[in-house]
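Residue-level structure breakdown
Chain residues, written in single-letter form:
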Amino acid sequence: MHKYLPHTASDIKAMLDKIGIKTIDELFVALGDIKLTKPLDIPSQMSENELRDHFEMLASKNKNLLSFCGLGSYESYDFSIIDALTSRQEFLTSYTPYQPEVSQGTLQYIFEFQSYVCELTGMDIANASMYDGASSTAEAIFMAVAATRKNKVLLSKTINPYVLEVVETYCKYRDLDIEYVLEKDFSFDLEDLKKKLNNDVACFVAQTPNVYGILEDYSKVKETLEETGTLFIINQEPSSLALFKAPSEYNADIACGDMQSLGLKRNFGGPSVGYLATISKYQRRLPGRIVGKTVDVEGKRGYVLTLQAREQHIRREKATSNICSNQSLMALTVSIYLSLVGKQGLIELSKRAYNNAHYLEEELLKTKKFKKTTDKPFYQEFVLEYLGDPKVLETKLLALGYLSGYNIKDNLIIFYASEVRTKAEIDEFVKKVGEV
Amino acid sequence: MYDKLIFERSKEGRVGITLPKTEVKDYPLPKEHLTKRDLLLPEVSEVDVIRHYTNLSLKNYGVDRGIYPLGSCTMKYNPKINEELSKNPKFNNLHPLQPDVTSQGALELEYNLEKLLNEILGLKAFSFAPCAGAHGELTGLMMIKAYHEKNKDYKRKKILIPDSAHGTNPASVAIAGFEVVNLRSTEEGTVDVEHLKEVLDDEVAGMMLTNPNTAGLYEKDICIITKLVHDAGGLMYYDGANFNALLGLAKPSAMGFDVIHLNLHKTFSTPHGGGGPGVGAVGAGEKLKTFLPNKHVRLENGLYVRRKEKDSIGNVSYFQGNYNVILKAYAYILSMGKENIRNVGEFAVLNANYVKAALEEYYEVPVKGAIMHEVVFNGLKSKKASTLDVAKRLLDYGFHPSTIYFPLLFSQSMMVEPVETESKETIDEFIDALIKIAHEAEKTPELLHDAPHTTPVRRLDEVLAARELKVKYRDLL
Ligand SMILES: Cc1ncc(COP(=O)(O)O)c(C=O)c1O
């Protein structure tokens, strides 16, 4: 017997009798000689206490570092009710809301999640979530390719390289041509975009704040793209949207990105949650689940999965995407975080991230070990040129318990100071940097 | 009954958080970048948020409440200890880019899990980068493509898929830049080997197969199928969504599969979370192991390190996928252990056959012979009510219905998967409800047609939802 397996010998006997066979083995005759004759070579069962000890042994080999590195994995305040609510079995142990009458909890929070995504990005319609910001960017490109029937993709070189790696993989196997728009002064180069643009280009994809943390200016992009019928895709860090211009204000066709910064732990990289939103014109090209409002037979408000004719279970190889399971629990987490933080809270938190980053930059420059690289405005990450050896800096700081900034190339280091960093932590870090 | 959106609870000035004091001064914001929008976000107190989401949760059905026999989804019990273990801050606070030397425990765990799965599936290597089953399919197909390209075999553009396959299979094939060739099933519901022989040629890159298939049947010709495909130069992809049936009993490698994905959120007990996160772990045999995506954990001189494989297809997810979910799958395997793991497959299959035996008098069984871990009925034998009506009536009895209208092989499919963590008593109650419903269909079919009667909302107008599309709060204003 095992605690997760309730059958007793008499249960098994009664069930076999009902089926009309003598042994469980008879159920597996079709397997023939594929059937294993000896037990798997894995460890013996563990009790809860043994598991706890084993996990603690592993956990103790990890080192929690004080981080000044972002690059898509951010820190936000942990509010106790988030775990209390997302651990509720009704959310945790249910699945995709195939039976809407007993899934209104899930359907409504997805509707609210879509509302949040639309509100933040200014887009008309969003889906129920994507795996992460990288796959949502790839899927945004596929939407543009399908909408324009063009095969070429222009990507800004200032997009996070980890997003680019995924996008490159997706595009390569789909036989799409990628060309990069070069960077100029740590932002995408409009002149290079103009040069590379032609009638075969399905979309131009850019990121703001970009990999260097810089807020890019897209005021001339849409008009540039219009002539060739090229769509504009913006990947944007969503915590920046309370303060700064949204994809809609730059007339983007599709908005995408990752929402990890809104209440999700770093968790060694996942689970995170991607968002994907667009204007009404392209609503039928969206991949994944979409929830819509409706009424029941008594006229009561309710929610259902809608526009399902886009999806794999109906359209199979003609579907807009293959996505089925998504990151629903993370969409719930983000929704609870945004509900709790609220309008003023979101503005306040992004101002703090902004202020912390600017303070860190100022203080790091005072050590005289860095050179300012650009005067472009930035949000919560920024790039400096280190005058010493970045590897030495990284190693020395690591020994002191710090995850220093990300050395993207040469002597360039991208630093991040989240809203949770205190002045004392920043001061101490800068002091240590100065001593290296 | 509670019915508000969080936005409709908003009152100007309310706050839900207390922030610590900050000593950092304000820096001027760049004016030209500031948004001109006035965001419509809720202003609510902490209690408002608790009440709101608690009330929402009460409108949901989860595995902790009762049987959730959603076929093809393996809704088994999600152990609480796994949740506890996954919340260890020493894992939760790891930055994915922190150096390997500072994340040895996390990497060792991933390495250990890979070794366990290698043994369970008979494979050589696993990647946990894909975030769900469909993502794993896409990854595996990219690996197949990369393999043929490495062999300069560029004409292989076709992937074979049986008509019983899950919708994600053909969709993944298209996204991976292949063409789908549909394979017919036999009367019995398994792959038609004669049709397979007809379509096999030197343009076939591979074949995707679920075994047991979506009709709950073991592909008895599996070794013939994999040999035929291999002889034609193709590779075999195993959709492991149904692996629960064979857990501890058989290894897909022995059937001849080259690459597979497992849904850790099915077979390995990690919670489904209202639709995710999952993990579509991709496993590969000798031919494909060097093609795995992202970085892969290796043990080098006593140190666990992340390395790209030499023929890697590239990255398919941001860093390393849904890392936190794999902690739970690892805990699950260790808590089952070698003594019990085999019982998982045995009891899952026993339960499904028991449900079939108990219900075949009332519900049509469209396939012949022994089934595996799930039983597909083609609706009521009497045809007095549709599968939809039966499912909705089950809700009144307090049960989550089976998967309905899938597989597409039968017009009234009801796909029941009574997983191994369900007791005989629970399954008997579920069976009794379905028998009662079969009787009701004869005497009072309107009871079924008007069902459900007892749920937070009743039948919903899906046509209206699509026609008058309202997908966000602003659309309701
Ligand atoms: C047979 C089969 N294959 C693939 C999938 C896709 O898995 P996922 O939803 O995790 O993407 C599913 C389940 O949804 C399935 O049942």
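Keep in mind that this is a model prediction, so the values were computed, not measured. (Residues numbered from 1 in each chain as written. Chains lettered and ligands numbered in written order. Predicted model: local features only at pLDDT ≥ 70, side-chain atom pairs only at ≥ 80, totals over all residues. Heavy atoms only, no water.)

1. What to know about the site of the ligand
- Around the ligand, the structure places 15 residues, and the nearest of them are S325 of chain A together with S72, A134, D239 and K266 of chain B.
- In this structure, the ligand sits where chains A and B come together, each supplying nearby residues.
- A distance of 2.4 Å separates an oxygen atom of the ligand from a polar atom in the side chain of S72 of chain B.
- Backbone polar atom of G133 of chain B to an oxygen atom of the ligand: 2.7 Å apart, as the coordinates give it.
- If the ligand stood free it would expose 390 Å²; the protein chains cover 100% of that surface. (Near = heavy atom within 4 Å. Polar contact = N/O pair within 3.5 Å; in protein donor to acceptor, adjacent residues only side chain to side chain. Areas by Shrake-Rupley, 256 points an atom, 1.4 Å probe, with all protein chains shown as cover.)

2. Considerations on the interface of chain B and chain A
- Contacts between the two partners involve 203 residues from chain B, matched on the other side by 184 residues from chain A.
- Across the interface of chain B and chain A, roughly 17,400 Å² is buried in total on both sides, 63% from carbon and sulfur atoms.
- Interface area lost by chain B to chain A is led by H33, Y53 and Y318 of chain B, which between them contribute 5%.
- Linking chain B with chain A are 12 salt bridges, by the criterion used here. (Contact = heavy atoms within 4.5 Å. Buried area = accessible area lost by both parts, 1.4 Å probe. Salt bridge = Lys/Arg side-chain N within 4 Å of Asp/Glu carboxyl O.)

3. So, the pattern of salt bridges
- Counted by the stated rule, this structure contains 67 salt bridges over all chains.
- Of the charged contacts, one joins K194 of chain A and E191 of chain A as a salt bridge, the two residues approaching to 3.8 Å between their closest N and O atoms. One end of the pair, K194 of chain A, and the other, E191 of chain A, are both in helix α8 (residues 190-196), three residues apart, so they sit about a helical turn from each other.
- A relative accessible area of 41% means that K194 of chain A is categorised as partly exposed.
- Using a relative accessible area of 47% as the deciding quantity, one classes E191 of chain A as partly exposed.
- When the shortest N-O distance is used, the salt bridge between D192 of chain A and K196 of chain A registers 2.7 Å. With a gap of four residues between them, D192 of chain A and K196 of chain A both fall in helix α8, about one helical turn apart.
- The class for D192 of chain A is buried, based on a relative accessible area of 3%.
- Through salt bridges that share partners, K3, E48 and R52 of chain A together with E84 of chain B make up one connected network. (Helix = DSSP H or I, 4+ residues; strand = E, 2+ residues; numbered from the N terminus. Buried < 20%, exposed > 50% of the residue type's maximum accessible area, 1.4 Å probe, protein only.)

4. Some thoughts on the sheet that holds strand β12 (residues 413-416) of chain B
- One open sheet accounts for three strands, arranged β10-β12-β11 (chain B); its pairing is antiparallel. Either end of the sheet is taken by a strand with one partner, and the two such strands are β10 (375-378) and β11 (403-404) of chain B. (Pairing = 2+ DSSP bridges.)

5. Examining the domain arrangement of chain A
Residues and elements named next belong to chain A.
- By domain assignment, chain A separates into domain 1 (66-76 + 342-435) and domain 2 (80-336).
- Contacts between domain 1 and domain 2 engage 27 residues on the former and 27 residues on the latter.
- The junction of domain 1 with domain 2 conceals about 2,300 Å² of combined surface from both sides, 62% of it contributed by carbon and sulfur atoms.
- Looking only at domain 1, the three residues that lose the most surface to domain 2 are Y74, K376 and Y379, adding up to 25% of its buried area. (Domains from an automatic or database assignment.)

6. Concerning the pairing of strand β16 (residues 406-409) of chain A
Residues and elements named next belong to chain A.
- Looking at chain direction, β16 and strand β17 (residues 412-416) are connected through three bridges and run antiparallel. Counterpart to N407 in the pairing with β17 is I413.
- The hairpin turn running from β16 into β17, its antiparallel successor, is two residues long, and D410 in that turn takes a positive phi close to 40 degrees.

7. Let's talk about the environment of I178 of chain A
Residues and elements named next belong to chain A.
- Here I178 shows up in strand β4 (residues 177-181).
- A relative accessible area of 28% places I178 in the partly exposed class.
- Separated by 187 residues in the primary sequence, I178 and L365 place their C-alpha atoms 37 Å from one another.

8. A closer look at the pairing of strand β4 (residues 204-210) of chain B
All names here are of chain B.
- Extensive coverage of β4 is indicated by the burial of seven of its seven residues.
- Here three bridges tie strand β2 (residues 158-162) to β4, and the two strands are oriented parallel to one another. When the sheet's bridge partners are listed, L160 is paired in β4 with M207.
- Direction of pairing for β4 relative to strand β5 (residues 235-239): parallel, over a ladder of five bridges. Looking at β5, one finds that M208 is bridged to Y237.
- On the question of chirality, the crossover connecting β4 to the parallel β5 by way of helix α8 (residues 222-231) is right-handed. (Right-handed = clockwise from strand over helix to strand, strands pointing away.)

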